[in-house]
Structures are given as C-alpha cells and as structure tokens.
Amino acid sequence: MNVARYILQNHTQVLDLTWEHLWLVGFSTIFAMLIGIPLGILIAHRARFSKPVLAGANIIQTIPSLALFGFLLPVPWLGDRADRLAILALTLYALLPIIRNTYTGIKGVDPAVLEAGRGMGLTESQLLFQVELPLSVSVILSGVRVAVVISVGLATIAAAIGAGGLGEFIFRGLAMVDNRVILAGAIPAAVLALAADLAIGWLENRLRPS
Amino acid sequence: MARLSLAEPRFANPSVLLDTQRNFERLAISGILGAMPAAANNAPAIEFRNVSYDAGGREILASLNLEIARGETLILLGRSGSGKTTTLKLVNRLLEPSSGEILVNGVSNDVDIIHLRRGMGYVIQDVGLFPHLNVERNIGLVPKIEGWSAERIRARVQEMLQLVGLAPDIASRYPHQLSGGQRQRVGVARALAANPAILLMDEPFGALDPLTRDELQREFSALQRRLRKTVVFVTHDLREALRLGTRIALMESGKLISVASPADFLRSADPLVSAYVRAFGDGLESALDRSNYDRGTS
C-alpha cells in the first residue's frame, strides 16, 4: 500500500514519465515498422538478401542494451540528445521481430494463391498490396506486438543515459534502495506493456483474414 | 518489336495490333457469352515453335512444336514430370522459354505479359481462391482491375455463378466456407469473368472426389460447347482426356509423342501411346461414348 501512496503522491511525475516512455516506444516502433516491413517484404521476395538481413537483425539483438547506448553516445548528432539516441537504439531492437514476422507472413501465403493471382494477370505490386499484405497483416502485427512489449521493457534502461521515461524511477529507487520508488516505475511500465499487448492483439484478431 | 511485325506481317505497326486486340476484348465483354469475336487473323490461337525449357541445367521440355486451333480443347496428357504443366505455364509466361517462340493469335507472347495473362483464364488444381476475399470479389477481381463499373461487375458475377451452376447467394461467402467442388466452380467462374478467349486449366478436377469430378467434367463439357473457348487442359487421366478433348497431346519426358483425336488416340500404334492406353485398362470406349453423350451426339 506504501507503493500506491507513493504513486498517488507523485502522480504528476508518474504521468509525465509514462508519457515520455510512451513517446520513446511509440516513435521507435513507428521507425522500426517503416524500416522493418519493407525490409521483410524485400527479403521474402529476394531470397539472397534474407540471410544477411536476418543475421544483421539478430546480431543487433544480441548486443546488450546498456552497451548499445554506450556505443551510440559519441555519435555526433545523435549523442547531442539522449532521446534521439534512445529512439535509435529501441528502433534497432524492434527491427528483428518486425522483419522476421513480415518475412514469415509473406512466405506463408499459399503458393497456389500467388500462382493463380499471377496467372490472372495481377502485377507484382497488385499481388503485394491486394494479396500478400492483406493475408499476412496479422502475422506482421504480431511481430509489432512483440517489438512493442520488448521496447517498453528496454526503454526503462534509456533512463541510464538520461533519456527519461519510467526508468528514472527505477534507477532512482535502486540508488535510494527504496522498493517503492522502483515499483513506481516498474508497475506503470508493466501496465503499459500489457495494455499495448492487448490492444495490438485485438487489432491482430480483427485484421486476421477469415 | 521487330519480331512482332515479323510474326504478323499484316500489322506493320504493333500498336495497331494491340488496339485491335483491345477492341475485340471490348466486343467480347459486351457481347453475349456464346458469341466469340471473329478471329483477328487465321493464325492458330496458340503456337509453339521449337520451344525448349531448361531448369537448373536439366531439360524439362525439348523443342516442342505444337499448334492449338481456336475453339478446340487440347489435352496435354502425360505422367508426372512429363512437361505438360511446364508447357501450359509457358503459354501465359509464368515460365520463360529457354529457346524458341510461343505465338498467341499469331503474335509472340512476350510483348505485354500482364495484358496477355488478363486475356487468358487460368484454373489450377489447388484453385488458389483468395482466402481474404469473398466469392463475389474473387470472381470480380480482374474486371475490377480492368476498371469495370461496380454495377457491371455485380451483374457479371451473377452471370458467372449461374454459368457454373452455383446459387446467387454464394457470392457473399468466403472460400473456406465452400466445398471442394464449389471452390473449383468458383475458380472456373473467376477464370471466365473477363471473358478470355483462351482458358488454361492445370488438372482442375484432379483433387475432387469421383462423383464431383464426374459432375464437373459433364458441366465443363456442356459449357465448352456453348462458349467455344480455346482450352488447353492438363491431365494425367486418360478417361478425362477422352471425355473432354477434341485432340490429345501425349507427352513423355519433355517430348511431344503424338497429337491425335480421342478416337485415333485409342487406335494409335505408337508404343508409348498404346502403353498409356493399356495402363488404363479396358472400357475406355465408354469414356468416348460419354464424351459423345455429353455433347448430345449419341
């Protein structure tokens, strides 16, 4: 109950940091989708790119997040502001699930459907936008969902480089050895992750082809 | 372009030819189903000239020469791997020949592939209906892409459903709500929707149960009698070939063995043909009789 009281007492700060957190996660997810979905489409159609691209995304995923933040710090324009840096790092981490699911989704389209479509005289872009993407949209969204849940967790670490977000509470609580403060960051972060998971899951179901 | 005018000397300017083709399509679309547009020229509907196809250094098809006349149903018969599906896919350029030339209505078929394909119906064994679109939108897809009005598409879809023996209310259903036979009927309706002069069919009835297959064969035969499309039909089933074909082309390891009418096919002395006939055992004449019965000539 102490935690609840602490959160209530500091509710403006909790809300501010939650907003910052959402902002970091939201922007990075949008960037990751803008890069990851076209890349996923590309490697689903050009087999020779699939291994290097997926390997690259995998390698990024293995870099410890604190180390990645550290590596990016000296980069000129990026290092100027912590939130730019945090968004870039989060974008990089979100790429793998989005690329992989886009690839899997498009690869999963029944070859007979593609052959029929091609044989009927659909152009490659008509096939992509009218057949492949509508049929793989739910798989792509489930990749986005994984990416968002991972990002909400990772974004807490961004506080270590001063990018703000709910990690502020967590790092502060660790320094103060005060569990209430840690939880004031951790609980909203968990709620955010759950809410995003449910919302995108709902969307995924709505868009799943019958 | 040079090749184009070579192939059809009467049309020196290729764009004239394309316009003529479009006009015919417009005519065909606006006209009643039974009345096919007059041939643009006397060239066969499809002609293979010395066509070969290699894949990964292996020869799948060796110097094929074959003419398919307008309005005939040519059956490509042969065992698995004999090259019959390859032959079919070369017609609508799902595969590119390694050498040789394929002419459609006297014109090389590498001019405008998308336009070429929209002028041909394509039906495959797995049907390949778009699972995210209902029956109406499946059938109406090519007309829609071709810019038909919504009103006209709706009317055409109903006409097609009736043509293939489906109830009008099926239009709003999704492919997964249909039986195998219904799906294949929708596949045929979809292939016919933009009123193509040529129909390519790759074992369309192969995955159906015997009763449904029999039904669809009978109906297809009746349909073809009315529509007089140029049909290229791939099958390994000799009975189906005898029943539906006006001519049967037997293929074996990438080579065309013989082309004959169903009756001549049964009497052929060619060792490979008679081996194929023997493999199907006795009673093949009944398939021929059936064909006559379907056509109402017995």
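Residues numbered from 1 in each chain as written. Chains lettered and ligands numbered in written order. Predicted model: local features only at pLDDT ≥ 70, side-chain atom pairs only at ≥ 80, totals over all residues. Heavy atoms only, no water.

### Looking at the overall build of chain A
For step 1, the next point in the chain: When helices and strands are counted, chain A shows 10 helices and 0 strands.
For step 2, the next point in the chain: The linear arrangement of helices and strands in chain A, starting from the amino end, is α-α-α-α-α-α-α-α-α-α.
For step 3, the next point in the chain: For the C-alpha atoms alone, the extent of chain A along its principal axes is close to 65 × 40 × 25 Å.
For step 4, the next point in the chain: Burial status across chain A gives 48% buried among its 210 residues.
For step 5, the next point in the chain: Carbon and sulfur atoms form 69% of the exposed surface of chain A, whose accessible area is close to 10300 Å². (Helix = DSSP H or I, 4+ residues; strand = E, 2+ residues; numbered from the N terminus. Buried < 20%, exposed > 50% of the residue type's maximum accessible area, 1.4 Å probe, protein only. Areas by Shrake-Rupley, 256 points an atom, 1.4 Å probe, with all protein chains shown as cover.)

### So, the interface of chain B and chain A
For step 1, the next point in the chain: In this complex, chain B contributes 22 residues to the contact, which on the side of chain A involves 18 residues.
For step 2, the next point in the chain: For the pair chain B and chain A, the summed buried area comes to about 1800 Å², and 68% of that belongs to carbon and sulfur atoms.
For step 3, the next point in the chain: Looking at the side of chain B facing chain A, the largest losses of area belong to Arg117, Phe130 and His132 of chain B, adding up to 27% of the total buried there.
For step 4, the next point in the chain: On inspection of chain B and its partner chain A, the count reaches 1 salt bridge.
For step 5, the next point in the chain: Across the salt bridge formed by lysine 89 of chain B and glutamate 115 of chain A, the nearest N and O atoms sit 3.7 Å from each other. (Contact = heavy atoms within 4.5 Å. Buried area = accessible area lost by both parts, 1.4 Å probe. Salt bridge = Lys/Arg side-chain N within 4 Å of Asp/Glu carboxyl O.)

### Brief notes about the nonpolar core
Most often, soluble globular proteins keep nonpolar side chains buried together rather than apart.
For step 1, the next point in the chain: With 52 residues, the main nonpolar core has Ile99, Val148, Val152 and Phe169 of chain A as its most contacted residues.
For step 2, the next point in the chain: Put simply, the parts of the chain that give this core at least two residues each are α1 (2-9), α2 (11-45), α3 (47-62), α4 (65-72), α6 (82-107), α8 (124-155) and α10 (179-207) of chain A.
For step 3, the next point in the chain: Looking at this core element by element, the count peaks at 13 residues for α6 of chain A.
For step 4, the next point in the chain: Non-local contacts of phenylalanine 169 of chain A, meaning those with residues more than four positions away in its chain, are made with Tyr6, Gln13, Val14, Leu17, Val181, Ile182, Ala184 and Gly185 of chain A.
For step 5, the next point in the chain: Counting 49 residues, the second-largest nonpolar core is a separate cluster that includes Val164, Ala171, Leu223 and Ile248 of chain B. (Core = buried A, V, L, I, M, F, W, Y, C linked by side-chain atoms within 4.5 Å.)

### Quick look at the pairing of strand β4 (residues 99-104) of chain B
Residue and element names in this part refer to chain B.
For step 1, the next point in the chain: Examined bridge by bridge, strand β1 (residues 46-55) and β4 share 5 bridges and lie antiparallel to one another. Paired with phenylalanine 48 across the bridge in β4 is isoleucine 102.
For step 2, the next point in the chain: Relative to strand β5 (residues 107-108), β4 runs antiparallel, the two sharing 2 bridges. Note that in β5 the partner of valine 104 across the bridge is valine 107.
For step 3, the next point in the chain: Following β4, the chain reverses through 2 residues before pairing antiparallel with β5; asparagine 105 in that reversal takes a positive phi of roughly 50°. (Pairing = 2+ DSSP bridges.)

### Overview of the environment of leucine 17 of chain A
Residues and elements named next belong to chain A.
For step 1, the next point in the chain: By the secondary structure assignment, leucine 17 is in helix α2.
For step 2, the next point in the chain: Classification of leucine 17 as buried rests on a relative accessible area of 7%.
For step 3, the next point in the chain: With residues near it in sequence (within four places) discarded, leucine 17 still touches Gly165, Leu166, Glu168 and Phe169.

### Focus: the environment of valine 149 of chain A
For step 1, the next point in the chain: Summarising the element assignment, valine 149 of chain A is placed in helix α8.
For step 2, the next point in the chain: Expressed as a C-alpha distance, the spacing of valine 149 of chain A and isoleucine 7 of chain A, which sit 142 residues apart in the sequence, is 23 Å.

### Side note on unusual backbone geometry
All names here are of chain B.
For step 1, the next point in the chain: The phi dihedral of asparagine 50 is positive, around 55°, even though this residue is not glycine.
For step 2, the next point in the chain: Within the secondary structure, asparagine 50 is located in strand β1.
For step 3, the next point in the chain: Non-glycine residue serine 63 carries a positive phi angle of around 25°.
For step 4, the next point in the chain: Among the structural elements, serine 63 can be located in strand β2 (residues 58-68).
For step 5, the next point in the chain: Overall, the relative accessible area of 42% leaves serine 63 in the partly exposed class.

### Focus on the confidence of the model for chain B
All names here are of chain B.
For step 1, the next point in the chain: Confidence in the prediction for chain B averages 84 pLDDT; 85% of positions are at 70 or higher.
For step 2, the next point in the chain: The low-confidence segment residues 1-39 (pLDDT under 50) makes 48 contacts with residues lying over four places distant or belonging to another chain.
For step 3, the next point in the chain: Listed scores for the predicted complex are pTM 0.82 and ipTM 0.79. (pLDDT = per-residue confidence, 0-100.)

### Describing the packing of aromatic side chains
For step 1, the next point in the chain: Inspection of every chain in the model, using the stated rule, returns 7 aromatic pairs over all chains.
For step 2, the next point in the chain: Centroid distance tryptophan 23 of chain A to phenylalanine 27 of chain A: 4.9 Å. Interplanar angle 50°. Geometry classified as tilted. Pair noted here: tryptophan 23 of chain A and phenylalanine 27 of chain A are both in helix α2, with a separation of 4 residues, about one helical turn.
For step 3, the next point in the chain: With a relative accessible area of 37%, tryptophan 23 of chain A lands in the partly exposed category.
For step 4, the next point in the chain: Given the relative accessible area of 35%, phenylalanine 27 of chain A is considered partly exposed.
For step 5, the next point in the chain: The positively charged end of arginine 152 of chain B is found above the aromatic ring belonging to tryptophan 148 of chain B, 3.9 Å away from the centroid.
For step 6, the next point in the chain: When the ring centre of phenylalanine 130 of chain B is taken as origin, the NZ or CZ atom of arginine 190 of chain B, which lies over that ring, is 4.9 Å away. (Phe/Tyr/Trp six-rings, centres within 6.5 Å; stacked < 30°, edge-to-face > 60°. Lys NZ or Arg CZ within 6 Å of the ring centre and 35° of its normal.)

### Digging into the pattern of salt bridges
For step 1, the next point in the chain: Applying the stated criterion across every chain yields a total of 18 salt bridges over all chains.
For step 2, the next point in the chain: One salt bridge in this structure joins glutamate 124 of chain A and arginine 118 of chain A, with 3.0 Å as the shortest N-O distance.
For step 3, the next point in the chain: By relative accessible area, arginine 118 of chain A is classed as partly exposed at 26%.
For step 4, the next point in the chain: Put simply, aspartate 264 of chain B and arginine 267 of chain B hold a salt bridge, and the shortest N to O gap is 2.9 Å. Residue aspartate 264 of chain B and its partner arginine 267 of chain B are located together in helix α11 (residues 262-267), separated by 3 residues, close to a single helical turn.

### Some thoughts on the pairing of strand β9 (residues 247-252) of chain B
All names here are of chain B.
For step 1, the next point in the chain: Counted residue by residue, β9 has 5 buried out of 6 residues, so it is predominantly covered.
For step 2, the next point in the chain: With 4 bridges joining them, strand β3 (residues 73-77) and β9 adopt parallel strand pairing. When the sheet's bridge partners are listed, leucine 77 is paired in β9 with leucine 250.
For step 3, the next point in the chain: Of the pairings in the sheet, the one linking β9 to strand β10 (residues 255-260) comprises 5 bridges and is antiparallel in character. Counterpart to leucine 250 in the pairing with β10 is serine 258.

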